[in-house]
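# Coordinate inspection notes
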Amino acid sequence: MNMPVFGVTGWKNSGKTTLVTRLVTEFVGRGLSVSTIKHAHHAFDIDTPATDSFRHRAAGAGEVLIVSGKRWALMHELRGEAEPAFEEVLPHLSPCDLVLVEGYKRERIPKIEVRRSAAAGDRPLAPDDPTIAAIAADHPTESHGLPSFALDDVAAIADFIADRLKLWCADA
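What you see is a predicted model; the values in this text were computed from it and never measured. In this convention, every chain numbers its residues from 1, walking through the sequence in written order. The predicted nature of this model means local features are confined to residues of pLDDT at least 70 and side-chain atom pairs, given and counted, to a pLDDT of 80 or more, with totals for whole chains, interfaces and linings taken over all residues. Neither water nor hydrogens contribute to the side-chain values; these are computed over all heavy atoms in the structure.

## Some details on a nonpolar patch on the surface
Nonpolar side chains (Val, Leu, Ile, Met, Phe, Trp, Tyr) are joined into patches within 5 Å and like charges within 9 Å, using only residues with over 30% relative accessible area and no salt bridge. Calculation of accessible area relied on Shrake-Rupley with a 1.4 Å probe; when residues are assessed, cover is drawn exclusively from the protein chains displayed. A pair is scored as a salt bridge if a Lys or Arg side-chain nitrogen falls within 4 Å of a carboxyl oxygen belonging to Asp or Glu. Taken together, the side chains of Leu65, Val67, Trp72 and Leu74 present a nonpolar region at the surface, about 450 Å² in accessible area. To qualify as a helix, a DSSP run of H or I must reach at least 4 residues; to qualify as a strand, a run of E must reach at least 2; elements of each kind are numbered from the N terminus. Looking at the nonpolar patch, the elements that each hand over two or more residues are β3 (63–67) and β4 (72–76). For every residue, the accessible area (1.4 Å probe, protein chains only) is compared with the maximum for its type, and the residue is labelled buried under 20%, exposed over 50%, or partly exposed between those bounds. Residue leucine 65 is classed as exposed on the basis of its relative accessible area, which comes to 52%.

Pasting the structure below:
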């Protein structure tokens with residue numbers, strides 16, 4: 001499976017999720033099918049106690065597939081296994097025109113670094129990461145010779161990504 005992949009990275013509270021969601025809307029509006037991968041550094045759960053699927057996992061099921069007329073979801077419990085590598089999770093997605101990835105700072109995929117003045121970290125990532133292809137910021141910042149965008153200029157950022165990945169968009 002060879003789907004175009006582009007990442008959005010930055011420090012905590014830099015605006016990664018906001019930019020990813022706005023890019024999804026922009027690309028879908030241009031006629032592309034888009035999927036996302038979000039890396040979490042903390043424990044998370046998408047299921048709630050007392051549901052049947054939660055009870056299945058609590059009983060020890062390694063995977064629980066929930067299916068309805070609206071959606072389906074597969075939950076896989078690691079149960080002490082190591083976190084899977086990015087290359088291992090990507091094939092779980094159905095084919096699409098673009099995969100946007102949030103997080104995965106160390107992954108060797110092209111990405112845009114998001115910088116916001118209120119973010120947790122102030123050290124730029126680009127100087128130490130050759131996979132960062134551009135900067136998006138809400139304040140004047142050193143771009144280290146990379147293309148630079150205003151954080152809220154989603155159309156220009158989408159144009160950059162589409163050009164970089166050679167994506168065909170119906171409304172580009």
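So, next bit.
## As for unusual backbone geometry
The residue alanine 50 is not glycine, and still its phi comes out positive at about 85 degrees. Checked against the element boundaries, alanine 50 lands in the loop between β2 (34–38) and α2 (52–58). Relative accessible area serves as the criterion here: at 67%, alanine 50 is assigned to the exposed category. Of note in this structure, arginine 79 is not a glycine but carries a positive phi near 45 degrees. Take arginine 79: it is sitting in the loop between β4 and α3 (86–89).

## Considering the packing of helix α1 (residues 16–29) against helix α4 (residues 154–165)
Interaxial distance between α1 and α4 falls to 10 Å at its minimum, and their mutual angle equals 75 degrees. As judged from the angle between their axes, α1 and α4 are roughly perpendicular. For the pair formed by α1 and α4, the contact residues are Leu19, Arg22, Leu23, Glu26 and Phe27 on the first element and Val154, Ala155, Ile157, Ala158, Ile161 and Ala162 on the second. Under the scheme applied here, ten amino acids are nonpolar (Ala, Val, Leu, Ile, Met, Phe, Trp, Tyr, Cys and Pro), four are charged (Asp, Glu, Lys and Arg), and all others, including Gly, are polar. Residue classes in the contact of α1 with α4 are distributed as 9 nonpolar, no polar and 2 charged. Every axis in this analysis is a line fitted to C-alpha atoms, fitted for helices over the stretch in contact. Angles between the N-to-C directions lie between 0 and 180 degrees. By definition in this entry, angles of less than 35 degrees are roughly parallel, angles greater than 145 are roughly antiparallel, angles of 65 to 115 are roughly perpendicular, and the rest are oblique. Here, residues are in contact when the closest pair of their heavy atoms is within 4.5 Å.

## Digging into the nonpolar core
By size, the foremost hydrophobic cluster in this structure holds 26 residues, and its most contacted members are Leu19, Leu23, Phe27, Ile112 and Ile157. Mapped onto this core, the elements with two or more residues apiece are β1 (5–10), α1, β5 (98–102), β6 (111–115), β7 (132–137) and α4. Sorting elements by how many residues they give to this core places α4 first, with 7 residues. Working definition of a nonpolar core: buried Ala, Val, Leu, Ile, Met, Phe, Trp, Tyr and Cys residues. They are joined through side-chain atoms within 4.5 Å. Within the second largest apolar cluster, 11 residues are counted, among which are Leu93, Cys96, Val99 and Ile109.

## Side note on the side chain of threonine 131
On the secondary structure map, threonine 131 appears in the loop between β6 and β7. For threonine 131, a relative accessible area of 14% translates into the label buried. Here a polar contact is recorded for every N or O atom pair within 3.5 Å, except that within protein the pair must consist of a potential hydrogen donor and a potential acceptor, and residues adjacent in sequence are included only if both atoms are side-chain atoms. Within the local environment of threonine 131, its side chain forms a polar contact with the side chain of lysine 111, the two groups lying 2.7 Å apart. Within polar-contact distance, the side chain of threonine 131 engages the side chain of aspartate 129 at 2.5 Å. In contact with threonine 131, not counting residues within four places along its chain, are Glu107, Arg108, Ile109, Pro110 and Lys111.

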